[in-house]
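Listed below are the residues making up each chain.
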Amino acid sequence: MSTVAALNSVPTLKADFPGLLNADGSPWHYLDSAATAQKPQVVIDAVTKAIGADYATVHRGVYTRSAEMTLGYEAARRRVAAFVGGGEDEIVFTRGATEAINLVAQCWPQKGRVLLSELEHHSNIVPWQLAGWQIDVCPLTHDGKIDLDAAEQMLTRDHKIVAFAHVSNVLGSILDVPRAAELAHQVGAKLLLDACQSVPRLGLTFPGLLADFAVFSGHKLYGPTGIGALWARREHLEAMPPYQGGGAMIERVTFEKTTFADPPQRFEAGTPAIVEAIGFGVACDYVSSIGLDAIHAHEARLVAQLRQALRGMNDVRLFGPEDSAGIVSFALEGIHPHDLGTILDEENVAIRAGHHCAQPLMDRLGVPATARASFGLYSDEDDVAALLRGIERTKRIFG
Ligand SMILES: Cc1ncc(COP(=O)(O)O)c(C=O)c1O
């Protein structure tokens, strides 16, 4: 089936995702894919096989099963690398985006000032605090994008890293990566992209790879939890000391001195998440088979449809820019997002209500929480319609 045909017949794609059905076989309107995406059957099957019939450790075993598992694990790294357009020796498997940011915050050898933005997820704030960086905060434009004119004014040679979300998990705003990279590089800083929300929707290849580092999580890309990746230019990985010590990351150990393996193994201490990595690789292939352009266009249509409907309700506050990627945050006047989320749950609709791990952004917006609907490649107009019906019902209840 062609990509366009695939996305025009979304029921076919929905059928790939057993998690989108309730126990009685009725559809579940899942609009929380920015938190975590549902898994296609191919990923479930691959994980089941890897933890069952194929299971063994990697890298150490001399027996055939272990050698085969090692090939599978390293093939997964190649699949992830190919998906984002990086080299296979530029992909470090981590537990997720959070661990990948912690790794860079702890290990980047030139510490100093880091420039973040007002819309960052807590996992792109707290690791920098814990690692002792001095934090500057770039403001947002009126429509909720990172204000790169302000960044240009703020950046100095003291800034060693600029760490911005490629796509905001609350507002869906898309970063102008070429300009952010240019500004960072002009002062000798490196650009780290929190690509958690962009990798499942836009990909990284261009312009994401103009950055120096990008981090993302497997579970938001239709893969398993417990696995994610740090993509970094090879020379940056070489410049960093190990993050954690243990097995698999060494070359030679004595009590006096240890020498370390080359990247990426240097950063993968201990028995890795073998099964999860294999599932991650299969998820990348699945998304590639549909095509990111088609996914982005599909989600953009749903975003436009939902924003237009919400704009038509005069008691709704809409956040974020018109061209947001796959994510719509809003608030109903006089109704707490948690109450909306609870009533929507009765209607078989799952949205996220809360601060979305972005409390500084909530402060900036002047709200304690927002309601957030986020789409995946399987979302469709029925999901939007069910959400709108639930919102109307909530307004009647509270009205
Ligand atoms: C923009 C963004 N950054 C970082 C994270 C953290 O990802 P994980 O919890 O998978 O490490 C998330 C997850 O919600 C996110 O949306």
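The following paragraphs examine the structure supplied in this document. (Residues numbered from 1 in each chain as written. Predicted model: local features only at pLDDT ≥ 70, side-chain atom pairs only at ≥ 80, totals over all residues. Heavy atoms only, no water.)

Overview of the site of the ligand
Thought 1: Every residue lining the ligand is accounted for by Gly96, Ala97, Thr98, His121, Ser123, Asn169, Asp194, Cys196, Gln197, Ser217, His219 and Lys220.
Thought 2: Thr98 is positioned with one of its side-chain polar atoms (N or O) 2.6 Å from an oxygen atom of the ligand.
Thought 3: A distance of 2.8 Å is found between an oxygen atom of the ligand and a side-chain nitrogen or oxygen belonging to Gln197.
Thought 4: Here the ligand loses 84% of its free accessible area of 390 Å² to cover by the protein chains.
Thought 5: Within the shell around the ligand, the residues separate by chemical class into two nonpolar, eight polar and two charged. (Near = heavy atom within 4 Å. Polar contact = N/O pair within 3.5 Å; in protein donor to acceptor, adjacent residues only side chain to side chain. Areas by Shrake-Rupley, 256 points an atom, 1.4 Å probe, with all protein chains shown as cover. Nonpolar A, V, L, I, M, F, W, Y, C, P; charged D, E, K, R; others polar.)

Let's talk about the nonpolar core
Thought 1: In this structure, Phe93, Phe164, Leu191, Leu204, Phe216, Phe280 and Leu377 are the most contacted members of the largest nonpolar core, which totals 74 residues.
Thought 2: With nine residues, helix 11 (residues 274-290) is the largest single contributor of residues to this core.
Thought 3: Once you skip the residues sitting within four places of it in the chain, Leu191 turns out to touch Val162, Val177, Ala180, Ala181, Ala184, His185, Ala211, Asp212 and Phe213.
Thought 4: Grouped together as the second largest cluster of nonpolar side chains are 26 residues, Ala100, Ile161, Ala163 and Leu237 included. (Core = buried A, V, L, I, M, F, W, Y, C linked by side-chain atoms within 4.5 Å. Buried < 20%, exposed > 50% of the residue type's maximum accessible area, 1.4 Å probe, protein only. Helix = DSSP H or I, 4+ residues; strand = E, 2+ residues; numbered from the N terminus. Contact = heavy atoms within 4.5 Å.)

Description of the pattern of salt bridges
Thought 1: Counting across every chain of the model gives 24 salt bridges.
Thought 2: For the salt bridge of Glu322 with Arg311, the shortest nitrogen-to-oxygen distance reads 2.6 Å. Of the two residues, Glu322 sits in the loop between strand 11 (316-318) and strand 12 (327-332) while Arg311 sits in helix 12 (residues 292-311), which places them eleven residues apart along the sequence.
Thought 3: With a closest N to O distance of 3.2 Å, Lys395 and Asp315 form a salt bridge. One end of the pair, Lys395, is in helix 15 (residues 381-398); the other, Asp315, is in the loop between helix 12 and strand 11, with 80 residues separating them in the sequence.
Thought 4: Under the relative-accessibility criterion, Asp315 is labelled partly exposed at 25%. (Salt bridge = Lys/Arg side-chain N within 4 Å of Asp/Glu carboxyl O.)

Notes on helix 15
Thought 1: With 18 residues, helix 15 should reach 26 Å at 1.5 Å per residue; the first-to-last C-alpha distance of 26 Å fits that figure.
Thought 2: Those residues of helix 15 not exposed but buried are Asp383, Val384, Ala386, Leu387, Leu388, Gly390, Ile391, Thr394 and Lys395.
Thought 3: The residue sitting at the N-terminus of helix 15 and contributing the capping side-chain oxygen is Asp380; that oxygen lies 3.1 Å from the backbone nitrogen of Asp382. (Expected span 1.5 Å × (residues − 1).)

Some words on unusual backbone geometry
Thought 1: With an omega of 10°, the peptide bond between Phe206 and Pro207 qualifies as cis.
Thought 2: Along the chain, the position of Pro207 falls in helix 9 (residues 205-208).
Thought 3: Cis rather than trans, the peptide bond between Pro263 and Pro264 has omega equal to 0°.
Thought 4: Looking at the secondary structure, you find Pro264 in the loop between strand 10 (258-260) and helix 11.
Thought 5: One non-glycine residue, Cys357, lies in positive phi territory at about 55°.
Thought 6: You can see Cys357 is positioned in the loop between strand 14 (352-354) and helix 14 (359-365).
Thought 7: A relative accessible area of 24% places Cys357 in the partly exposed class.

Remarks on the sheet that holds strand 4 (residues 134-138)
Thought 1: Reading across the sheet, the seven strands line up as 2-8-7-6-5-3-4 and stay open at both edges, with mixed pairing between neighbours. Taken across any chain shown, the strands that pair with only one partner, and hence form the sheet edges, are strand 2 (91-94) and strand 4. Across the sheet, the axes of successive neighbouring strands diverge by a mean angle of 20°, strand direction being ignored.
Thought 2: Here strand 3 (residues 113-117) runs beside strand 4; their pairing, made up of five bridges, is parallel. Each bridged residue has a counterpart across the sheet, and for Ser117 the counterpart in strand 4 is Cys138.
Thought 3: Helix 4 (residues 64-84) contacts strand 2, strand 7 (213-217) and strand 8 (228-232) of the sheet and is inclined by roughly 115° relative to strand 2.
Thought 4: Lying on the sheet, helix 5 (residues 97-107) is in contact with strand 2, strand 5 (159-165), strand 6 (190-194), strand 7 and strand 8; it crosses strand 7 at an angle near 155°. (Pairing = 2+ DSSP bridges. Axes fitted to C-alpha atoms, helices over the stretch in contact; angles between N-to-C directions.)

Comments concerning a nonpolar patch on the surface
Thought 1: Taken together, the side chains of Ile250, Val253 and Phe260 define a hydrophobic patch exposed on the protein surface, amounting to about 230 Å² of accessible area.
Thought 2: Relative to the elements of secondary structure, Val253 occurs in strand 9 (residues 250-253). (Patch = residues over 30% accessible without salt bridge, like charges linked within 9 Å, V, L, I, M, F, W, Y side chains within 5 Å.)

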